[in-house]
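The chain contents come next:
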Amino acid sequence: MSSHLPPFDLVAAADRNLGIGKGGRLPWRLPREMRYFRDLTTGADEDGAPPSQENAVVMGRRTWESIPEPYRPLGARKNVVVTRDPDYPLPANVLRAVSLEEALALAGERAQGGRVFVIGGAQIYRRAIELEACAGIYLTRIFADYDCDAFFPAIDERIFELAEILDDVSERGARYRIEHWRRIR
Ligand SMILES: NC(=O)c1ccc[n+]([C@@H]2O[C@H](COP(=O)([O-])OP(=O)(O)OC[C@H]3O[C@@H](n4cnc5c(N)ncnc54)[C@H](OP(=O)(O)O)[C@@H]3O)[C@@H](O)[C@H]2O)c1
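The following paragraphs examine the structure supplied in this document. Source: prediction; values computed, not measured.

Moving on: helix α1 (residues 31–42). Counted at 1.5 Å a residue, the expected span for α1 with its 12 residues is 16 Å, and the 16 Å between its end C-alpha atoms agrees. Buried within α1 we find P31, E33, Y36, L40, T41 and T42. Positive phi shows up at G43, right after α1, with a value of about 85°.

Attention shifts here to the site of the ligand. Near the ligand lie 26 residues; those nearest to it are A13, R61, T63, T83 and R84. Residue A13 places a main-chain N or O atom 2.7 Å away from a nitrogen atom belonging to the ligand. Note that an oxygen atom of the ligand is positioned 2.9 Å from one of the backbone N or O atoms of G121. Contact with the protein chains covers 88% of the free accessible surface of the ligand, which is 930 Å². Listing elements by their share of the shell around the ligand, those giving two or more residues are β1 (8–14), β2 (19–21), α2 (61–66) and α4 (122–128). Sorting elements by how many residues they give to the shell around the ligand places α4 first, with four residues.

With that settled, the discussion passes to the side chain of R77. Among the structural elements, R77 can be located in strand β4 (residues 77–82). E54 provides the closest opposite charge to the buried, salt-bridge-free R77, at an N-O distance of 7.7 Å. One polar contact links the side chain of R77 to the main-chain carbonyl oxygen of G75, over a distance of 2.7 Å. Setting aside residues no more than four positions away along its own chain, R77 makes contact with F37, R38, T41, T42, E54, N55 and V57.

Tallying each qualifying case throughout the model produces 12 salt bridges. D39 is paired through a salt bridge with R38; the nearest N and O atoms lie 3.2 Å apart. With its nearest N and O atoms 3.1 Å apart, the salt bridge here joins E161 to R182. Of this pair, E161 sits in strand β9 (residues 160–171) while R182 sits in strand β10 (residues 174–183), placing them 21 residues apart in sequence. Residue classification places E161 among the partly exposed residues on the basis of a relative accessible area of 32%. Looking at R182, the relative accessible area reads 42%, which means it is partly exposed. Linked by salt bridges that have partners in common, R141, R177 and E179 make up one network.

Definitions and limits used
Residues numbered from 1 in each chain as written. Predicted model: local features only at pLDDT ≥ 70, side-chain atom pairs only at ≥ 80, totals over all residues. Heavy atoms only, no water. Helix = DSSP H or I, 4+ residues; strand = E, 2+ residues; numbered from the N terminus. Expected span 1.5 Å × (residues − 1). Buried < 20%, exposed > 50% of the residue type's maximum accessible area, 1.4 Å probe, protein only. Near = heavy atom within 4 Å. Polar contact = N/O pair within 3.5 Å; in protein donor to acceptor, adjacent residues only side chain to side chain. Areas by Shrake-Rupley, 256 points an atom, 1.4 Å probe, with all protein chains shown as cover. Lys, Arg positive; Asp, Glu negative; His and termini not counted. Salt bridge = Lys/Arg side-chain N within 4 Å of Asp/Glu carboxyl O. Contact = heavy atoms within 4.5 Å.

See the structure below:
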């Protein structure tokens, strides 16, 4: 099954301990990092112009619920939500899938040449990073501790290498670095 999946990238922000969330939400507020996330996942260019293809974002049901209602679905991206509940209510323009693999396959079809991003949370990252179709990881490393209760999985350096540091930022008293990891085998 996984050989038919479209290539996809993980996108996450994590603290020093790979913490990504607390109490069902993000423990930090970093507007510039959120703009970077939006631009990366929509594929907007440096001037904010949208791409010709719509990308897709795949997320777990709890991550969907963590997005404040006025901001969901995430704009200019096909949103796909993974839940084992086949009746979980979602807006008509959002796709529901009962497994990560189904979500990725749907995202690949709907993105029609656009990119596919897996945007969390912990349960979904843990499963997605094991799939061969996982081509890379965009990981924002925040150099602070936020006492999180949800975590990004450890990156296996036999499988992924740090290809590039995309940015090094200080914002609202937090320093963070945006890393791009690439699958090497
Ligand atoms: N820092 C970041 O970059 C980042 C990004 C995203 C999220 N987060 C944080 O991460 C936390 C949420 O993560 P989480 O691990 O609790 O939840 P999650 O991964 O977002 O969602 C978990 C839900 O997804 C569904 N699911 C998971 N695996 C499945 C599978 N194999 N097949 C079918 N459905 C599956 C289940 O939904 P049902 O229970 O409905 O069946 C499960 O309860 C929040 O704190 C959020 O703010 C952080």
